[in-house]
Amino acid sequence: AGVGVAGSPEKRSDVDGEASEIDLLPLPQRIFSALRLREFSDEELRARFEEADSDKSGGLDSEELLEVVRSAHSGLLVGKRLVLHAERTSEEAIQSLDTDGDGHVSFDDFRAGIIRLAQQTDSRMWPYAGSMLASGMSVGIITPAMPMLVQTLGLSQAEYGYVVSAFGLSKLLANLPAGVAADVRGRRAVMVFGLLVIGCSSAVIGMASSLEHLILARFLTGTGASFMMAGATSAVADISTPLNRARTITPVMNGFSAGYVLGPALGGCMIGAFGLSPTVFGVGGLFFVNAFATRLLTWETRPSSVAAKQADGTMAAVRQ
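(A) Just the packing of helix H11 (residues 245–274) against helix H12 (residues 276–297), in detail. In contact at an axis separation of 7 Å, H11 and H12 are set at 130 degrees when each is read in the N-to-C sense. With respect to H12, the axis of H11 lies oblique. In this structure, H11 meets H12 at a crossing whose hand is right-handed. Side by side, H11 and H12 meet where Gly 267, Met 270, Ile 271 and Phe 274 of the first sit next to Leu 276, Pro 278 and Thr 279 of the second. When its residues are assigned to classes, the contact of H11 with H12 shows 5 nonpolar, 2 polar and no charged.

(B) Representation of the nonpolar core in the model. Core analysis: the largest hydrophobic core is formed by 36 residues, its most contacted members being Met 132, Ile 205, Leu 214, Met 228 and Val 252. Tallying contributions element by element places helix H10 (residues 211–239) first for this core, with 9 residues. Setting aside residues up to four positions removed in sequence, Leu 214 forms contacts with Met 146, Leu 149, Leu 153, Leu 155, Val 163, Ile 205 and Ala 208. Counting 26 residues, the second-largest nonpolar core is a separate cluster that includes Ile 31, Leu 35, Phe 49 and Ile 114.

(C) Structural view of unusual backbone geometry. At Phe 40, a position not held by glycine, the phi torsion is positive, near 65 degrees. You can see Phe 40 is positioned in the loop between helix H1 (27–35) and helix H2 (42–52). Taking relative accessible area as the criterion, Phe 40 reaches 7% and is therefore assigned buried. Positive phi is not limited to glycine here, since Lys 56 has a value of about 55 degrees. In this fold, Lys 56 is placed in the loop between H2 and strand E1 (59–60).

(D) Up close: the pattern of salt bridges. For the coordinates displayed, the defined rule picks out 9 salt bridges. When the shortest N-O distance is used, the salt bridge between Arg 111 and Asp 108 registers 3.2 Å. Taken together, the residues span about one helical turn, with Arg 111 and Asp 108 both in helix H5 (residues 107–119) at a distance of 3 residues. When the shortest N-O distance is used, the salt bridge between Arg 124 and Asp 122 registers 2.7 Å. According to the relative accessible area criterion, Arg 124 is buried, its value standing at 7%. Ionic contacts of the salt-bridge type, sharing partners, join the residues Arg 30, Arg 88 and Glu 92 into one network.

(E) Quick look at helix H9 (residues 187–207). Under the 1.5 Å per step criterion, the end-to-end length of H9 is 31 Å for 21 residues, consistent within 8% with the ideal 30 Å. H9 sits mainly inside the fold: 15 of its 21 residues count as buried.

(F) Seen up close, a nonpolar patch on the surface. Judged by side-chain polarity, Leu 169, Leu 172, Leu 173 and Phe 219 come together as a nonpolar surface patch covering roughly 390 Å² of accessible area. Among the elements that line the nonpolar patch, the one with the most residues is helix H8 (residues 157–184), at 3 residues. Mapping Leu 172 onto the fold places it in helix H8. A relative accessible area of 60% means that Leu 172 is categorised as exposed.

(G) Representation of H5. Here H5 contains 13 residues, and its C-alpha end-to-end distance of 18 Å stays within 8% of the 18 Å for a straight helix at 1.5 Å per residue. At its buried positions, H5 is contacted by H1, H2, E1, helix H4 (79–97) and strand E2 (105–106).

(H) Expanded view of the packing of aromatic side chains. Evaluation of the coordinates by the stated rule reveals 6 aromatic pairs. Ring centres of Phe 32 and Phe 40 lie 4.9 Å apart, and the angle between their planes is 80 degrees; on these two criteria the pair is classed as edge-to-face. With a centroid separation of 5.5 Å and an interplanar angle of 75 degrees, the aromatic rings of Phe 49 and Phe 107 are classed as edge-to-face. Residue Phe 49 is found in helix H2, and its partner Phe 107 is found in helix H5; the two are separated by 58 residues along the sequence.

(I) Representation of the environment of Asp 109 within the structure. Relative to the elements of secondary structure, Asp 109 occurs in helix H5. Judged by relative accessible area, Asp 109 falls into the buried class, the value being 15%. Along the sequence, Asp 109 and Ser 96 sit 13 residues apart, while their C-alpha atoms lie 9.7 Å from each other. Once residues lying within four places of it in the same chain are set aside, the contact partners of Asp 109 are Leu 97, Thr 99 and Asp 100. Of the polar contacts made by the side chain of Asp 109, one reaches the side chain of Thr 99; its length is 3.0 Å.

About the thresholds
- Residues numbered from 1 in each chain as written.
- Predicted model: local features only at pLDDT ≥ 70, side-chain atom pairs only at ≥ 80, totals over all residues.
- Heavy atoms only, no water.
- Axes fitted to C-alpha atoms, helices over the stretch in contact; angles between N-to-C directions.
- Helix = DSSP H or I, 4+ residues; strand = E, 2+ residues; numbered from the N terminus.
- Parallel < 35°, antiparallel > 145°, perpendicular 65-115°, else oblique.
- Left-handed = near helix turned anticlockwise from the far one by under 90°.
- Contact = heavy atoms within 4.5 Å.
- Nonpolar A, V, L, I, M, F, W, Y, C, P; charged D, E, K, R; others polar.
- Core = buried A, V, L, I, M, F, W, Y, C linked by side-chain atoms within 4.5 Å.
- Buried < 20%, exposed > 50% of the residue type's maximum accessible area, 1.4 Å probe, protein only.
- Salt bridge = Lys/Arg side-chain N within 4 Å of Asp/Glu carboxyl O.
- Expected span 1.5 Å × (residues − 1).
- Patch = residues over 30% accessible without salt bridge, like charges linked within 9 Å, V, L, I, M, F, W, Y side chains within 5 Å.
- Areas by Shrake-Rupley, 256 points an atom, 1.4 Å probe, with all protein chains shown as cover.
- Phe/Tyr/Trp six-rings, centres within 6.5 Å; stacked < 30°, edge-to-face > 60°.
- Polar contact = N/O pair within 3.5 Å; in protein donor to acceptor, adjacent residues only side chain to side chain.

Shape descriptors only; they carry no functional weight alone.
This is the structure we're talking about:
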């Protein structure tokens, strides 16, 4: 059984020397995982400090922190790998929390250090922000193409309204399944799936020859957008704390907004230079490239124990 802390992958290493993903987590996430911190309130910090202070001396030393890490992560690592991981994490934790350098961490130092670490933004959010920037730009590039497609196909204003509404309707319908999928299949997998769906929708737009084709394309775009957003926002929630969540999610959401602002201008230039169809197909290609980069550069942040429990409960609720 894993610790189930948000943002901590729970892949177990059963062979000495085989790296576990928890070894690669930033120090704050390893500390928060070992101490089972979620709310970062004074009451929770006091309780976790007293649990770790096994000799009741009023201070923590490296041996006590080592035992905390070893006990908390024994379900994720075994043997020599567990020992090395616990030693490294406890030594780094002491260095970070021990402000006076005496090798002991008082509660005041513990509280101040944990709060400081919890307020730092996790650098793992930057690949998500970059992916959302590229996504927003790609969506924006399509914007000036839509009126031209409507004119080319000879659609009425009412029919164009149906095309626009298809996006919102599909996004509304897909939000719940996307959230369930993010818990069951993982944040990164859902985000990559959404990007691939939007890429396919761009290809449908490029080949559209009727109202039905455009409605299908926009329906696919809305569905992909729901899955993309569900994956990105869930991942950001996983790697953030209550003390840095706003600062963590802002670059990700602003990335999409900035891309969407730049996209239409870039789309107009591309249409003028290359034509309508090459631009639309080019946007589809950008989404496929973005999906590959997202799969390569981002972490899977979903805790495995949470996945199993929420998958059962949420799917049961959906079926009811």
